[in-house]
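Fold and contact review
Below, each chain spelled out in residue letters.
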Amino acid sequence: MEFKNSDNGTILIEDTLCSCPVKYRCKHTAALLIAYHHNPNDTRDQQELIQYFSKQTKNNLIETLLSLGERDLKIFEHLFKIKDGKVRKKRKKAKYIRF
Ligand SMILES: [Zn+2]
């Protein structure tokens, strides 16, 4: 989910994208917004992860990727697609919200 600060200080939703088959404006996005509405302090910025992982060694990053793949085989499939050059590497910067 991407956000933007409006001129009057409110937060605008710029774009949403979900990994479910619906992709846009799905029930997961709605659930995320409801969770944010009820507990906005429980949100975290993607920048936090970038800062953390940029300090990790290459071996730690490889271990992290492999352990994620062990948790979810779809991640392994995606990692192989990246390796085989079948995935666009450049991605849009997005804010990250945690439930
Ligand atoms: Zn969804």
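Starting from 1, residues in each chain are numbered consecutively following that chain's sequence as written. Only residues with pLDDT of 70 or above have their local features reported here, since the model is predicted, and side-chain atom pairs are shown and tallied only from 80 upward, although totals for entire chains, interfaces and linings are computed over all residues.

Here the C-beta atoms are placed from the backbone, and a residue counts as buried if at least 20 other C-beta atoms lie within 10 Å of its own, exposed if 12 or fewer do, and partly exposed otherwise. Only DSSP runs of H or I with at least four residues qualify as helices, and only runs of E with at least two residues qualify as strands; both kinds are numbered from the N terminus onward. Within strand S2 (residues 11–15), only zero of the five residues are buried, which leaves the element largely exposed. Sheet analysis places strand S1 (residues 2–5) next to S2, joined by four bridges and oriented antiparallel. Residue pairing across strands places Glu2 opposite Asp15, the latter belonging to S2. In this analysis, strands are considered paired if DSSP registers two or more bridges between them. Connecting the antiparallel pair S1 and S2 is a turn made up of five residues, with Gly9 showing a positive phi of about 90°.

Any region with low pLDDT has predicted coordinates that should not be read closely. A residue's pLDDT is the predictor's confidence in that residue, given on a scale from 0 to 100. Of all residues in the protein chain, 89% have pLDDT values of 70 or greater, and the mean over the chain is 83. Model confidence for the protein chain, summarised as mean pLDDT per element, is weakest for S1 at 75 and strongest for helix H3 (residues 58–71) at 95.

Moving on, we come to the packing of H3 against helix H4 (residues 73–83). Two numbers describe a pair of packed helices, the interaxial angle and the distance between the axes. Running from N to C, H3 and H4 cross one another at 130°; their axes reach a closest spacing of 5 Å. Our classification of the angle between H3 and H4 gives oblique. For the pair H3 and H4, contact is made by Leu65, Leu68 and Gly69 and by Ile75, Phe76 and Leu79, respectively. Of the residues contributing to the contact of H3 with H4, the split by class is five nonpolar, one polar and no charged. With axes taken as lines fitted to C-alpha atoms, and helix axes fitted only over the stretch in contact, angles between N-to-C directions fall between 0 and 180 degrees. Working rule for angles: under 35 degrees goes down as roughly parallel, over 145 as roughly antiparallel, 65 to 115 as roughly perpendicular, anything else as oblique. Once C-beta atoms are placed from the backbone, any two residues with those atoms within 7 Å are in contact. Side-chain classes follow a simple rule in which Ala, Val, Leu, Ile, Met, Phe, Trp, Tyr, Cys and Pro form the nonpolar group, Asp, Glu, Lys and Arg form the charged group, and the remainder, Gly included, forms the polar group.

A word on unusual backbone geometry. Phi is positive for Lys23, close to 70°, though the residue is something other than glycine. As for its position among the elements, Lys23 is in the loop between S2 and helix H1 (27–38). We classify Lys23 as exposed; it has 12 C-beta atoms within 10 Å. One non-glycine residue, Arg25, lies in positive phi territory at about 50°.

Take H1 next. The length a helix should cover is 1.5 Å for every residue beyond the first. In a regular helix each residue adds 1.5 Å, so 12 residues correspond to 16 Å; H1 covers 16 Å between its end C-alpha atoms and thus fits that length. Counting buried positions along H1 gives zero out of 12 residues, so the element sits mostly on the surface.

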